[in-house]
Amino acid sequence: MSLLSTIVSQVINGLQSGSIYALVALGYSMVYGIILLLNFAHGDIIMVGAYAAWMCMVNFHLHPVASILVAVLASTLLGVIIEKVAYTPLRSAPRLSLLITAIGVSFLLENGAQLIFGAGAKDMSEPMALFTTGPSITLGSSTLSFPAILTIVVSLIAMAALTFLVQKTKLGKAMRAVSEDMGAAQLMGISLNATISFTFMLGSALAGIGAILYLCAYPQVSPTMGSMLGLKAFVAAVLGGIGSIPGAMVGGFVIGLAEALVSAVGLSVWKDGVVFAILIVVLLVKPSGLLGRSTTEKV
Amino acid sequence: MKRFISMTMAVLMALSLVACGGGSSSAAGGSSAASGAASGEGGSIKIGLLANTSDANANYGNAVKNGVMLYIDEVNAAGGVNGKQIEVIAYDDKGDATEAVTAFSRLVDDGVTAVIGGVLTGTTLAVADETYEIGMPQITASATAPGVTLLDPEDESAGIRENVFRACFIDPFQGEKMAEYASERLGATTAAVIFENGNDYSVGLKDAFVAKCEELGIQVVATEAYSTGDVDFKAQLTNIAGQNPDVVFSPNYYEDDGMIVTQAREVGVTGTFLGGDGWGSVKNYASAEDLEGSVYCSGYAPGSSDAVKQFEADYQAAYGEDIPNMFAPLGYDAAMLMLNAIQAAEEQGLEACTDAYYQAVIDAMSATEGLEGITGTYQFDEQNNPIKSAAIMKLEGGDEVFTELF
C-alpha cells in the first residue's frame, strides 16, 4: 500500500467516525442553544436507541427497517420523557442544578441498562448486515465502504434538514426566539413548553439516528457505549462553537480526522489525549469555538 | 460563557471521581453461599471470592464464580474438608481495583481465612498487595501478569509474594508461546501488534510477544495502541495494513478482538490473527469468515479427557449452559488447589485466620505436585506459577476448535 493511499484511507476513517461525532454533537448543541443545558444524558439516549434496535431485531425478529424506526421512536420518546420528568421542574433553578441532574440521568440510564440487559456487549453484526453490505467506492487502492458512505451522507442530510428547519420554518423561528430571550418569546405568544419539548424531541431523534449509524459501523451494544461517544461529541460541540449547528458538524469532523491522523503518524497511544487536549486549548484560546457567537458577559 | 464551561468541566470531573471511587460504598451486596449445614457441629471454613460479575468483562467473572462454586458444592456435598463445610463469601469487584480493595476489607471483616480472586489482572494486583501484608493465602484463577506473584516484575531478584498463587499461565508465557507458534507453525517473518493501552494484561502479552519475536528473528513492523472503550480501530489497522504483516497479534479481550478482526478485514489486513486466552468466546463477536484461521492459546482444551468431559457435564447440569470459556475450568481448578492446601492446615488442627494457619496453607500449596485439574496437572514453579502446557485453539467455520497442546 502506497503512502498516498494510506493517507486517503486514514482521511476516510476520520470522516466516518467524525460524522457520527458530528451527529451526536448536533444534539448537544441544539439543546444547549435553547435552554443552555449541557445534556450529558445525550450519549446514553444513543445507547437506549441501540438497545431498542437490538431488542427489535434479535428478540422480536422485526424487519431491520421497522426496527430502526422503533429505535428512533424510542430515543425520541425517551428524550421527551427525560425533559418532562427531570428538566422541566428545574427550569427556574440555577443552571448548575440542571447540569447535575443531567449527569444523574446519565448514570441512571447506564446502570439501568446494565441491570436489565447485563454488562456484556451484544453482537449485532448479523442483524445489521442489511445496512452494512452495499456498494462501495474504490479510490485508488483505498475503499470507501458502504457503512462509511451511509454514515457520511446521512449526517450531511441531517445537518441540512436541521438548518432548514431552524432557519426557514415557523417552529425554527420559535426555537430561535426562545433561545434569544425566553421571557420575550413567551410574551409574543410562543409556547415555551412546546418549543423546548420539540427541541428535545429533535435532539433525541438525532441521537436515535446516531445509534443506528453507530451500529452500522461498530455492531456492538453495551451499557457504556454512549459515555465516551458523548464526551467526544461534547468536545466536538465545544470546538465548533456550542449552540451552532454548522459548528457542531465542523467540530465532529475535525475531532474524527484528528483521531485518525494522530494514529496515522504512529501515535495511537495519544489518541484520546489529543482529543481532550483540543478541548483544553479551545477553552483557553477561543472559548466560543470555531463558529460560535462570542458573547460578552454583562457585569 | 467561558466561566460557565470551565465550571461545568470542574463539576463533571469532580463527579466522575465520585463515580469511580465512591461507588464502592454502594457495591452490590455480597452473597453468602454456604450450602448445607454451615453452622453444623463440624463448624465451617470461610473463604472469600472476588470476581467481577457485573462489568464489561463479566463473562470472565461469572464463569470463574460458577467454576469455583461447582467445586465447593461438590466438596460440601461429600462432607466438606476435615468434616467442616466450606462457606464462600462472594463480592463483586466490578473489575475495578478500588472496588476490589474495598471488597477485600469486607472479606477480612467477615472473617475469611483465604481468598480466591480476583479475576482480572488489575483487581488481582490490587488485592495481592493487601493479602501480602497480612500473609493471607490467595489464589487467582485467571490473572496472568507476572506482578501478581512477583514483587517487582522488572527485577526478579526482588522476591515473590509467597502467599499468592495462580491457576493460569502468566502473560510472558502466552506472548512467548504465540511468537514461537507464529515462527514454527506459520513460518511468519513479519508481525504487527494492536493492544489496549493501560491494560496490564494486554501490555504484558504485547511486551513478551515483541521480545520473543526479536529473539526468533520475526520483524515487528507495527505496534499500535487503543484506549479502553474504543470501538474504532480502523486508523491503527490501516497503518498495519500498510505494512502487510504475516501475523497480527491482538492480546485483548474478546469483545474488542471481535471488532478488531472485523475492521481489520474491512481495511485490508490479510495476515493471520493471533491472540491470548482473552479470545475465549470471540466466535460470538465477529463473523466466521473474518475469524477463519485465527489462532489463540488457552489454558483449557474442551473435551480432551474423561475428567474434562465429566466436568463439562456437571457444569451443564448445575448452570443449564455450556462452559462459556476457559475461566470456568480455571475457577474450578483454583478452588481445588486452595481446598487441597487448606486440608493440610486443617489436618494439623490449626486455628483459622492465624499466621500459623496461613503459613500451613501456603506451604501445602507450594508443595502441590501432580494434582490433576481440569486444565492440566498442577505443580508450581519457584515463582508460584503453574507448570503446564498451552492448548492451541483455532477458529474454524465459526467455532473455536482445540488443535494441539503446544
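Since the structure is predicted, the reported quantities are computational estimates derived from the model, not experimental observations.

Caption draft 1: Structural view of the interface of chain B and chain A. Counting residues at the interface gives 37 residues for chain B, matched by 45 residues for chain A. Buried surface at the junction of chain B and chain A, both sides included, amounts to about 3600 Å², of which 61% is carbon and sulfur. The tally of links from chain B across to chain A stands at 1 salt bridge. Residue K271(A) is joined to D230(B) by a salt bridge in which the shortest nitrogen-to-oxygen separation is 2.7 Å. Where chain B packs against chain A, one counts 13 residue pairs in polar contact (both at pLDDT 80 or more). Where the side of chain B that touches chain A is concerned, the elements lending two or more residues are α1 (2-21), β8 (219-226), α7 (234-243) and α8 (254-266) of chain B. If one sorts the elements of the side of chain B that touches chain A by residue count, α1(B) sits on top with 11 residues. Among the residues forming the side of chain B that touches chain A, the class breakdown is 18 nonpolar, 10 polar and 9 charged.

Caption draft 2: Focus on helix α6 (residues 200-216) of chain B. Residue and element names in this part refer to chain B. With 17 residues, α6 ought to run about 24 Å at 1.5 Å a step, and its terminal C-alpha atoms sit 24 Å apart, in line with that. Those residues of α6 that fall on the buried side of the exposure criterion are Y201, S202, G204, L205, K206, A208, F209, V210, K212 and C213. Contact partners of the buried residues in α6: α4 (121-134), α5 (171-184), β7 (190-196), β8, β9 (247-249) and β10 (272-275). Between the side-chain oxygen at the start of α6 and the backbone nitrogen of Y201 there is a gap of 2.9 Å, and the oxygen is on N199. Note on α6: the residue one or two positions beyond its end, G217, has a positive phi of about 80°.

Caption draft 3: The domain arrangement of chain B, seen in detail. Residue and element names in this part refer to chain B. Domain boundaries assigned for chain B yield domain 1 (27-169 + 307-375) and domain 2 (171-298 + 391-405). Taken together, the contact between domain 1 and domain 2 spans 16 residues of the former and 14 residues of the latter. Summed over both sides, the interface of domain 1 with domain 2 buries roughly 1300 Å², with 57% coming from carbon and sulfur. At the boundary of domain 1 with domain 2, the tally comes to 0 salt bridges. Counting every contact that joins domain 1 to domain 2 gives 2 residue pairs in polar contact (both at pLDDT 80 or more). Broken down by secondary-structure element, the contributors of at least two residues to the side of domain 1 that touches domain 2 are α2 (58-77) and α4. Counting residues per element, the side of domain 1 that touches domain 2 draws most heavily on α4, which supplies 3 residues. When its residues are assigned to classes, the side of domain 1 that touches domain 2 shows 10 nonpolar, 6 polar and no charged.

Caption draft 4: Inspection of the sheet that holds β9(B) at higher detail. Residues and elements named next belong to chain B. Read from one edge to the other, the open sheet built from 7 strands follows the order β8-β7-β9-β10-β11-β14-β15, with strand pairing classed as mixed. Whereas interior strands pair on both sides, the edge strands pair on one side only; in this sheet they are β8 and β15 (399-405). Across the sheet, the mean angle from the axis of one strand to that of its neighbour is 25°, orientation sign disregarded. Across the sheet, α5 lies against β9, β10, β11 (295-298), β14 (391-396) and β15, angled at about 140° from β11, the strand it touches most. Docked against the sheet, α8 engages β7, β8 and β10, running at close to 165° with respect to β10.

Caption draft 5: Structural detail: helix α1 (residues 3-35) of chain A. Residues and elements named next belong to chain A. Relative to the 48 Å expected for 33 residues at 1.5 Å per residue, α1 spans 47 Å between its end C-alpha atoms, a close match to the ideal helical length. By the criterion of burial, α1 is predominantly enclosed, with 27 of the 33 residues buried. Where α1 ends, the next residue or the one after it, L36, has phi of about 55°, a positive value.

Caption draft 6: Local environment of the nonpolar core. The biggest cluster of nonpolar side chains holds 192 residues, and the ones touching the most others in it are Y87(A), I116(B), F209(B), L337(B), L339(B) and I342(B). Two domains each put at least three residues into this core: domain 1 (27-169 + 307-375) and domain 2 (171-298 + 391-405) of chain B. Those residues in contact with L337(B) that lie beyond four places of it in its chain are I139(B), A167(B), M365(B), T368(B), L371(B), Y378(B) and F380(B). I89(B), A103(B), V112(B) and M136(B) belong to the second largest nonpolar core, which has 12 residues in total.

Caption draft 7: Quick look at the packing of helix α2 (residues 42-59) of chain A against helix α3 (residues 64-87) of chain A. All names here are of chain A. Running from amino to carboxyl end, α2 crosses α3 at an angle of 145°, the nearest separation of the two axes being 8 Å. At the point where α2 passes α3, the crossing takes the right-handed sense. Across from I45, V48, G49, A52, A53, C56 and M57 in α2, the residues of α3 making contact are P64, S67, I68, V70, A71, A74, S75, L78, G79 and I82.

Caption draft 8: Examining a positive patch on the surface more closely. All names here are of chain A. A surface patch of positive charge is lined by K168, K170, K173 and R176. Take the positive patch: its biggest share by element is 3 residues, from helix α7 (residues 170-180). Turning to its location among the elements, K168 is positioned in helix α6 (residues 146-168). Relative accessible area serves as the criterion here: at 65%, K168 is assigned to the exposed category.

Caption draft 9: Examining the environment of S29(A) more closely. Residues and elements named next belong to chain A. Along the polypeptide, S29 turns up in helix α1. As a C-alpha pair, S29 and K170 span 141 residues in sequence and 20 Å in three-dimensional space. In contact with S29, not counting residues within four places along its chain, are A237, G241, I242, G243, S244 and A248. For S29, the side chain forms a polar contact with the main-chain nitrogen of G243, separated by 3.1 Å.

Caption draft 10: Local environment of a negative patch on the surface. Residue and element names in this part refer to chain B. Negative charge collects at one region of the surface, where E154, D155, E156 and E382 lie side by side. Turning to its location among the elements, E154 is positioned in the loop between β5 (138-140) and β6 (164-166). Residue classification places E154 among the exposed positions, given a relative accessible area of 75%.

Caption draft 11: Region of interest: the environment of I116(B). All names here are of chain B. Note that I116 resides in strand β4 (residues 114-116). Note on I116: relative accessible area 2%, which makes it buried. I116 sits 32 residues away from V148 along the chain, and the two C-alpha atoms are 13 Å apart. Beyond its immediate chain neighbours, meaning those up to four positions away, I116 contacts I47, G48, L49, L50, V68, I139, A334, A335 and M338.

Caption draft 12: Inspection of a nonpolar patch on the surface at higher detail. Residues and elements named next belong to chain A. A contiguous nonpolar patch, built from L3, I7, V11 and L261 and spanning about 360 Å² of accessible area, is present on the exposed surface. It is α1 that contributes the most residues to the nonpolar patch, 3 residues altogether. Positionally, I7 belongs in helix α1. Classification of I7 as partly exposed rests on a relative accessible area of 44%.

Caption draft 13: Layout of the confidence of the model for chain B. All names here are of chain B. Averaged over all residues, the pLDDT of chain B is 86; the fraction at 70 or higher stands at 90%. Here residues 18-41 is a poorly scored stretch, pLDDT under 50, and it has 36 contacts once near neighbours within four places are set aside; other chains count. Listed scores for the predicted complex are pTM 0.73 and ipTM 0.75.

Each value, and the rule that gives it
- Residues numbered from 1 in each chain as written.
- Chains lettered and ligands numbered in written order.
- Predicted model: local features only at pLDDT ≥ 70, side-chain atom pairs only at ≥ 80, totals over all residues.
- Heavy atoms only, no water.
- Contact = heavy atoms within 4.5 Å.
- Buried area = accessible area lost by both parts, 1.4 Å probe.
- Salt bridge = Lys/Arg side-chain N within 4 Å of Asp/Glu carboxyl O.
- Polar contact = N/O pair within 3.5 Å; in protein donor to acceptor, adjacent residues only side chain to side chain.
- Helix = DSSP H or I, 4+ residues; strand = E, 2+ residues; numbered from the N terminus.
- Nonpolar A, V, L, I, M, F, W, Y, C, P; charged D, E, K, R; others polar.
- Expected span 1.5 Å × (residues − 1).
- Buried < 20%, exposed > 50% of the residue type's maximum accessible area, 1.4 Å probe, protein only.
- Domains from an automatic or database assignment.
- Pairing = 2+ DSSP bridges.
- Axes fitted to C-alpha atoms, helices over the stretch in contact; angles between N-to-C directions.
- Core = buried A, V, L, I, M, F, W, Y, C linked by side-chain atoms within 4.5 Å.
- Left-handed = near helix turned anticlockwise from the far one by under 90°.
- Patch = residues over 30% accessible without salt bridge, like charges linked within 9 Å, V, L, I, M, F, W, Y side chains within 5 Å.
- Areas by Shrake-Rupley, 256 points an atom, 1.4 Å probe, with all protein chains shown as cover.
- Lys, Arg positive; Asp, Glu negative; His and termini not counted.
- Charge placed at Lys NZ, Arg CZ, Asp CG, Glu CD.
- pLDDT = per-residue confidence, 0-100.

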